[in-house]
Amino acid sequence: MNELTFLPDRTALEAVGLRARHRRREALRACTFRVPAGRVCALVGPNGAGKSTLLALAAGLRRSSGGRLRVLGGAPGDPAVRPRVAYVAQDKPLYPHFTIAETLRMGAALNPGRWDQAVAERLVRQGDLSPHARVGSLSGGQRTCVALALAFGKRPELLLLDEPMSDLDPLVRHGMMAALMAEAAERATTVVIASHILSELEGVCDYLLLIADGRVRLAGEVEDLISVHRLVVGRYEDVGTPREFAAHTIVEARTTGRQLTALIRPEGPISGTWEITEPSLEELLLGHLRAPGAPALLAPSAEPRMPASRWAA
Amino acid sequence: MRVVEFRIDRRSGVATYLQIVHQVEQALRLGLLAPGDKLPTAKEVVAATAINPNTVLKAYRELDRAGLVEARPGLGTFVRKSLARPGAAADSPLRAELADWMTRARAAGLDREDVAALAAAVLAEAFGDHAPADHHATEGTA
């Protein structure tokens, strides 16, 4: 395989002005973004940012209260779309009285024509689980393995994972992540992973969707988003932000003693004596999470492409 | 047969694709990889390292551009050129002299860091002060 797995012109997920309520609270307010097909996309944001709501909407398990959302070119939950999407919810709902083998048989029965028993069994083996074990007797991490096996066995085009790895031990987590990446490499599966563990996403995800307070803060290729930001460190003893920064977009600026640390989006050369580096993914995300008021940034590939007439709710 | 295995350090600060590029170059220098050898497929690499497959492909494209490997459609990516020099091989006289010198440095009470610092200083004298090529450049105007 020598081609890139992502297919820049095809769209896995796109939203325009998407709104949703969760427990009488506005969970998503006017979310606009696009995720191209074949990407491994990190969905990042603080607790209550709307990550789980967004995934449940894309899975067709919840309804929006406004705006538009398209999944693999169709409406979420549409009979033509649903078979091509797999969703692993945060609480991994499974039938506790089923054995693992029975759970996979259910997967086969519910996904006629798509089910891949070998893939599902490989994941169960990866988790070092016996097919005869009852789901109810498994630990949280072991249930996660079964839920991922069920999702992979469906051979989805779009895989939606809500905090999938948080309760796995390091070895199993590595195995699951590796299986996920191999699947993405082989079948160009689009994967959207909601996660809090920023270091886990580095190296795995090539696309990023950062949401906070129900809005999209950053969306685009990880590499591109990183390359338009700079971490600037230097000596600064005045109040406020340095005048040299006026030409640039300042995401966040902090002063500790005499040292100023700023995350900026330069609009040209940065004047002054500063140590200037490219931020890591973690630094980029932390900077934006600490500065909810910073201007949002959508990379060109993250701009929705649905026909304008359909933008209206 | 898998000829090389990549080690990815997520905390190193070096872009993941560059780590792969450097490790292939190193394997070519040490003769672990020779012309005609097949590099592992993207799927094999990600199944072992749990990194994004596009990262592997980016590294292979970079190596292709440098003329070190070539992609043969449908077959895989193959080594085109060796970076091994006779003088750097495991059984070369130069290596034996260096090993001998290391033994003497250790006997003289130098520890690993002392030796590394000394070697780096002499290296800089002999070859000029040149940091390893890194595409991950930082910029700035004073």
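Residues numbered from 1 in each chain as written. Chains lettered and ligands numbered in written order. Predicted model: local features only at pLDDT ≥ 70, side-chain atom pairs only at ≥ 80, totals over all residues. Heavy atoms only, no water.

**Student:** So, the overall build of chain B: which residues are in play, and what are the values?
**Tutor:** When helices and strands are tallied, chain B shows five helices and two strands. Relative to its full complement of 142 residues, chain B shows a buried share of 30%. Accessible area for chain B stands at about 9,200 Å²; split by element, carbon and sulfur atoms hold 55% of it. (Helix = DSSP H or I, 4+ residues; strand = E, 2+ residues; numbered from the N terminus. Buried < 20%, exposed > 50% of the residue type's maximum accessible area, 1.4 Å probe, protein only. Areas by Shrake-Rupley, 256 points an atom, 1.4 Å probe, with all protein chains shown as cover.)

**Student:** Lay out the interface of chain B and chain A with the relevant residues and their values.
**Tutor:** Quoted interface sizes are often the accessible area lost when the parts come together. Taken together, the contacts link 30 residues of chain B with 33 residues of chain A. Here chain B and chain A share an interface that buries about 2,200 Å² over both sides, 50% of which is from carbon and sulfur atoms. Per-residue buried area on chain B facing chain A is highest for Lys43(B), Asn52(B) and Asn54(B); these three make up 22% of the total on that side. Summed over the shared surface of chain B and chain A, the number is two salt bridges. (Contact = heavy atoms within 4.5 Å. Buried area = accessible area lost by both parts, 1.4 Å probe. Salt bridge = Lys/Arg side-chain N within 4 Å of Asp/Glu carboxyl O.)

**Student:** Residue-level account of the pairing of strand β2 (residues 76-79) of chain B, with values.
**Tutor:** Put simply, side chains in a regular strand alternate between the two faces of the sheet. Residue and element names in this part refer to chain B. Looking at chain direction, strand β1 (residues 69-72) and β2 are connected through four bridges and run antiparallel. Paired with Ala71 across the two strands is Thr77, which belongs to β2. Joining the antiparallel neighbours β1 and β2 is a turn of three residues, in which Gly74 adopts a positive phi near 85°. (Pairing = 2+ DSSP bridges.)

**Student:** Help me get a handle on the UniProt feature "domain: HTH gntR-type" (unreviewed entry) in chain B, residues and values and all.
**Tutor:** The positions that UniProt labels "domain: HTH gntR-type" (unreviewed entry) are, in the present scheme, residues 14-82 of chain B. Helix makes up 51% of residues 14-82 of chain B and strand 12%, whereas the separation of the span's terminal C-alpha atoms amounts to 24 Å. (UniProt positions renumbered as here; feature names shortened; annotations may be inferred.)

**Student:** I'd like a description of the nonpolar core, backed by residues and values.
**Tutor:** Core analysis: the largest hydrophobic core is formed by 84 residues, its most contacted members being Leu180(A), Leu208(A) and Tyr60(B). Looking at this core, the element that brings in the most residues is helix α5 (residues 170-187) of chain A, giving 10 residues. In this view, Leu208(A) contacts Cys41(A), Ala42(A), Val44(A), Leu218(A), Ala219(A), Gly220(A), Val222(A), Leu225(A), Leu281(A) and Leu285(A); residues no more than four positions away in its chain are not counted. (Core = buried A, V, L, I, M, F, W, Y, C linked by side-chain atoms within 4.5 Å.)

**Student:** Describe the sheet that holds strand β12 (residues 259-265) of chain A, and please don't skip the residues or the numbers.
**Tutor:** Residues and elements named next belong to chain A. With respect to topology, four strands assemble into an open sheet ordered β11-β12-β10-β13, the strand pairing being antiparallel. Each edge of the open sheet is held by one strand with a lone partner, namely β11 (249-256) and β13 (275-277). Taking the axes of each pair of neighbouring strands and ignoring which way they run, one obtains an average angle of 15° across the sheet. Bridge analysis of β11 against β12 gives seven bridges, and the strand direction is antiparallel. What sits directly across from Glu252, in β12, is Leu263. (Axes fitted to C-alpha atoms, helices over the stretch in contact; angles between N-to-C directions.)

**Student:** Just give me the short version of the domain arrangement of chain B, but keep the residues and values in it.
**Tutor:** What the domain assignment lists for chain B is domain 1 (16-79) and domain 2 (92-134). The distance between the C-alpha centroids of domain 1 of chain B and domain 2 of chain B comes to 29 Å. (Domains from an automatic or database assignment.)

**Student:** Please set out the sheet that holds strand β3 (residues 40-44) of chain A residue by residue, giving values where relevant.
**Tutor:** Sheet strands associate in pairs through backbone hydrogen bonding, adopting either a parallel or an antiparallel arrangement. Residues and elements named next belong to chain A. Ordered by their spatial adjacency, seven strands build an open sheet running β5-β6-β7-β3-β8-β9-β14, and the pairing between neighbours is mixed. Every interior strand has two partners, whereas the edge strands, β5 (85-88) and β14 (297-298), have only one. Looking at chain direction, strand β8 (residues 207-212) and strand β9 (residues 215-221) are connected through six bridges and run antiparallel. Each residue of the ladder has a partner; that of Leu208, found in β9, is Gly220. Sheet contacts for helix α1 (residues 51-58): β3, β5, β6 (158-162), β7 (190-194) and β8; angle to β6, the most-contacted strand, approximately 150°. Helix α4 (residues 140-153) rests against β5 and β6 of the sheet, and its axis sits at about 175° to β5.

**Student:** Could you give an account of helix α3 (residues 53-65) of chain B, with specific residues and numbers?
**Tutor:** End to end, α3(B) covers 19 Å across 13 residues, agreeing with the expected 18 Å (1.5 Å per residue, within 8%). Every buried residue of α3(B) is accounted for by Pro53(B), Asn54(B), Thr55(B), Val56(B), Leu57(B), Ala59(B), Tyr60(B), Glu62(B) and Leu63(B). Those residues of α3(B) that are buried are in contact with α5 of chain A together with α1 (16-29), α2 (42-49), β1 and β2 of chain B. The opening residue of α3(B), the one whose side-chain oxygen lies 2.8 Å from the backbone nitrogen of Asn54(B), is Asn52(B). (Expected span 1.5 Å × (residues − 1). Polar contact = N/O pair within 3.5 Å; in protein donor to acceptor, adjacent residues only side chain to side chain.)

**Student:** Outline the packing of aromatic side chains, listing residues and values.
**Tutor:** Residues and elements named next belong to chain A. A complete count under the given rule lists two aromatic pairs over all chains for this structure. Between Phe245 and Trp274, the aromatic rings sit 5.2 Å apart at their centres with planes inclined by 50°, giving tilted as the arrangement. In this pair, Phe245 is assigned in the loop between β10 (230-235) and β11 and Trp274 in the loop between β12 and β13, connecting sequence segments 29 residues apart. The buried category is assigned to Trp274, whose relative accessible area is 13%. (Phe/Tyr/Trp six-rings, centres within 6.5 Å; stacked < 30°, edge-to-face > 60°.)

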